[in-house]
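# Observations on the model geometry
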Amino acid sequence: MPELVAEIEADTAIDRGGVWRHPLRHTRLRLDVAVTDVPPFGTGVEPASG
């Protein structure tokens, strides 16, 4: 089980081959947020298409 929550920056642009254009960037550790407050990766709000 994860022990820390990290804030990241992500560009949602995807190349034609389905590869992310830019890597994720670590912004900061979120010591004010508990692991149980964050939904598991891949669940939660779906991104808007457009």
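The structure under discussion appears in the preceding block.
Just so you know, these numbers come straight off a predicted model, no measurement behind them. (Residues numbered from 1 in each chain as written. Predicted model: local features only at pLDDT ≥ 70, side-chain atom pairs only at ≥ 80, totals over all residues. Heavy atoms only, no water.)

Our next topic: the overall build of the protein. Secondary structure assignment for the protein yields 0 helices and 2 strands. For the protein, with 50 residues in total, the buried portion stands at 2%. Of the contacts made within the protein by residues no fewer than 6 positions apart, 32% connect residues no fewer than 24 positions apart. For the protein, the exposed surface amounts to about 4,900 Å²; the carbon and sulfur share of it is 58%. (Helix = DSSP H or I, 4+ residues; strand = E, 2+ residues; numbered from the N terminus. Buried < 20%, exposed > 50% of the residue type's maximum accessible area, 1.4 Å probe, protein only. Contact = heavy atoms within 4.5 Å. Areas by Shrake-Rupley, 256 points an atom, 1.4 Å probe, with all protein chains shown as cover.)

Glancing now at the pattern of salt bridges. If the charged atoms of two oppositely charged side chains come close together, the side chains can form a pair. Applying the stated criterion to the full structure yields 5 salt bridges. Glu7 serves as the salt-bridge partner of Arg28, at 2.8 Å between the closest nitrogen and oxygen. Pair noted here: Arg28 is in strand S2 (residues 25–29) and Glu7 is in strand S1 (residues 6–9), with a separation of 21 residues, a long-range link. Among the ionic pairs, Arg21 bridges to Asp15, the shortest N-O distance being 3.0 Å. A single salt-bridge network, built from bridges that share partners, covers Glu7, Arg28, Arg30 and Asp32. (Salt bridge = Lys/Arg side-chain N within 4 Å of Asp/Glu carboxyl O.)

This next bit is on a nonpolar patch on the surface. Side chains of Leu4, Leu29 and Leu31 sit close together on the surface and give an oily, nonpolar patch of about 340 Å² of accessible area. Mapped onto the elements, Leu31 comes out in the segment after S2. A relative accessible area of 71% means that Leu31 is categorised as exposed. (Patch = residues over 30% accessible without salt bridge, like charges linked within 9 Å, V, L, I, M, F, W, Y side chains within 5 Å.)

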